[in-house]
Structures are given as C-alpha cells and as structure tokens.
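Residue strings, one per chain:
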Amino acid sequence: AQSVTQLDSQVPVFEEAPVELRCNYSSSVSVYLFWYVQYPNQGLQLLLKYLSGSTLVKGINGFEAEFNKSQTSFHLRKPSVHISDTAEYFCAVRTNSGYSTLTFGKGTMLLVSP
Amino acid sequence: GAVVSQHPSRVICKSGTSVKIECRSLDFQATTMFWYRQFPKQSLMLMATSNEGSKATYEQGVEKDKFLINHASLTLSTLTVTSAHPEDSSFYICSAPPSNRVNTEAFFGQGTRLTVV
C-alpha cells in the first residue's frame, strides 16, 4: 500500500513570492507521482507528473517539482505566484503497473494575497 | 486532450430519494473508472472501482447496496446514491484512465456536489 503526506494544510504567501508545497510518500514498490490542482467546486486538473527519467519535472502554469527517491519526496515549487494560483493542491501516487488507483495526500491550500 | 464529463455538476435532493451521477469519457474508451468522495476541506477518498461489463469493486467501509455502480459501456459509468441521507452530502468525482494508453494519468470529471436536505 502507498501513503502520501502533505505536511502543510495551508500555505499563505504574498503575490510574486516563491512557494514550495511539500509532499512525502511511502511505498514498498515503485510509484508514479502527480500533483493536481483543484479550484473551488471543480474537479482536479493535472499540474505535472513524474513517471521516470529526469527528476525535475516541469508542469503547467509555471510549476515544477523534483523527485527525490532517497528522501521519498516530490515537492512542488513555483518561483513567483499569482493571485490566480490560490487553490487546493493535491499530491498523489500510484503504482507503476496497470491502472491502479491514485492515493492522494490531504491537500495543501495555497492562499496568495496581494 | 482526453475529456471526462460528469453530470450533473450540482444536485439537491430530498432525504430518502435516489440520485444518479453520470461519468462519461468523451473521446476515449475507459475499461476502468474510479469514483471518489471528497468531504469539505479533505482529500479524495476512493469509493469504488468501476469495471466495464463486470461488478464494481468497493473499498472497505463503502456500502455497495447504497452506492450502486454500473459500467455498461466503455464510455459510461454511473453512480447511484440510493435512499440518500444528509450524511451522504459530499462532492463526488469520477476519473478514468484511457484503456489504450498505459502509464497515462487518469482524467477527472468536474465533480458533482450532492446536497441532501
């Protein structure tokens, strides 16, 4: 079984400041890693994913994440946030075989203020 | 890109009635679809895995007689909340991985906000 820990339930930040949303995972098998964003009363939109290869993954909206196997982490970063980035962010993992379901973290609410 | 359409986006029903939520893959086939439930300010919790042409697989603690799942075609799965009660009020989201694209992430529907009064 897999588990995902998002250490911060809420991250307040000022506009144009950098931000890092932390994610750690636990798994006995190899996994794929994902970050999703959810705006109020909407479904999930994929920001980025790590399947294999380069450990630095770039996604949409200027986000990037780095896979660190030794630390079992997959932290999400953005060098300069906008008001429109205010949303809930979920880290998720799934095994790399077949169509296994995603295991989600509890989410981190990113609050960007002017 | 692949699109998953979920309908309705919002529904209010009376206690004791049943509500059906549809999840459609618009431009790809999905042998498997997943149904999640999300309580306010919490993460998504998998309820069940819907398999085309066979019975759904339910997670522990999810009542299969209350949450009826039907996956009659490769593009449609439905979740029916039977005899709904206020505690069933929640945000329900479906997702589907394209059957012909291994290692591709599942695509999510827009979600359904169910309010039982």
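For the structure, check the block above.
The notes below deal with the structure included here. (Residues numbered from 1 in each chain as written. Chains lettered and ligands numbered in written order. Predicted model: local features only at pLDDT ≥ 70, side-chain atom pairs only at ≥ 80, totals over all residues. Heavy atoms only, no water.)

**Side note on the overall build of chain A**
- Scanning chain A for helices and strands turns up zero helices and twelve strands.
- Against the globule reference of 13 Å for 114 residues, chain A gives a C-alpha radius of gyration of 14 Å, in line with a compact fold.
- Going through the 114 residues of chain A one by one, you find that 42% of them count as buried.
- Sequence-distant contacts in chain A: of pairs separated by 6 or more residues, those separated by 24 or more amount to 57%.
- Taken as a whole, chain A presents about 5,400 Å² of accessible surface, with 51% of it coming from carbon and sulfur. (Helix = DSSP H or I, 4+ residues; strand = E, 2+ residues; numbered from the N terminus. Rg over C-alpha atoms; globule rule 2.2 N^0.38 Å. Buried < 20%, exposed > 50% of the residue type's maximum accessible area, 1.4 Å probe, protein only. Contact = heavy atoms within 4.5 Å. Areas by Shrake-Rupley, 256 points an atom, 1.4 Å probe, with all protein chains shown as cover.)

**Here we look at unusual backbone geometry**
- Each neighbour pair has its own omega, and for His7(B) with Pro8(B) the value is 0°, a cis peptide bond.
- Residue position: Pro8(B) is located in the loop between β1 (4-7) and β2 (10-13).
- Unlike most non-glycine residues, Thr72(A) shows phi in positive territory, near 45°.
- Inspection of the secondary structure puts Thr72(A) in the loop between β8 (64-68) and β9 (73-78).
- Given a relative accessible area of 29%, Thr72(A) falls into the partly exposed group.

**Comments concerning the sheet that holds strand β3 (residues 19-25) of chain B**
All names here are of chain B.
- In space, the four strands of this open sheet follow the order β1-β3-β8-β7, with antiparallel pairing throughout. Each of the sheet's edge strands pairs with one partner strand only, and the pair in question is β1 and β7 (67-73). In this sheet, neighbouring strand axes are inclined to one another by 15° on average, regardless of whether the strands run parallel or antiparallel.
- By the bridge criterion, six bridges tie β3 to strand β8 (residues 76-81) in an arrangement that is antiparallel. Bridge pairing links Cys23 to Ser77 in β8. (Pairing = 2+ DSSP bridges. Axes fitted to C-alpha atoms, helices over the stretch in contact; angles between N-to-C directions.)

**Here's the deal with the pairing of β3(B)**
Residue and element names in this part refer to chain B.
- Residues Val19, Ile21, Cys23 and Ser25 point to one face of β3 and are all buried, whereas Lys20, Glu22 and Arg24, pointing to the other face, are not buried.
- As defined by bridge partners, β1 adjoins β3 across four bridges and the pair is classed as antiparallel. Residue pairing across strands places Val4 opposite Ser25, the latter belonging to β3.

**Points about the pattern of salt bridges**
Residues and elements named next belong to chain A.
- Applying the stated criterion across every chain, the model contains seven salt bridges over all chains.
- When the shortest N-O distance is used, the salt bridge between Arg22 and Asp8 registers 3.0 Å. With a gap of 14 residues between them, Arg22 in the loop between β3 (19-21) and β4 (24-26) and Asp8 in the loop between β1 (3-5) and β2 (10-14) connect regions that are remote in the sequence.
- In this structure Arg22 comes out as partly exposed when scored by relative accessible area, which is 32%.
- Across the salt bridge formed by Glu64 and Lys58, the nearest N and O atoms sit 2.8 Å from each other.
- For Lys58, a relative accessible area of 61% puts it in the exposed group.
- Salt bridges sharing common partners tie together Glu20, Glu66 and Arg77. (Salt bridge = Lys/Arg side-chain N within 4 Å of Asp/Glu carboxyl O.)

**Concerning the interface of chain A and chain B**
- Between chain A and chain B, the contact holds 21 residues from the first and 24 residues from the second.
- Interface area, chain A with chain B, both sides summed: about 1,700 Å², of which 53% is carbon and sulfur.
- The interface formed by chain A and chain B holds zero salt bridges in total.
- Linking chain A to chain B there are four residue pairs in polar contact (both at pLDDT 80 or more).
- Mapped by element, the contributors of at least two residues to the side of chain A that touches chain B are β5 (31-38), β6 (44-50) and β10 (87-95) of chain A. (Buried area = accessible area lost by both parts, 1.4 Å probe. Polar contact = N/O pair within 3.5 Å; in protein donor to acceptor, adjacent residues only side chain to side chain.)

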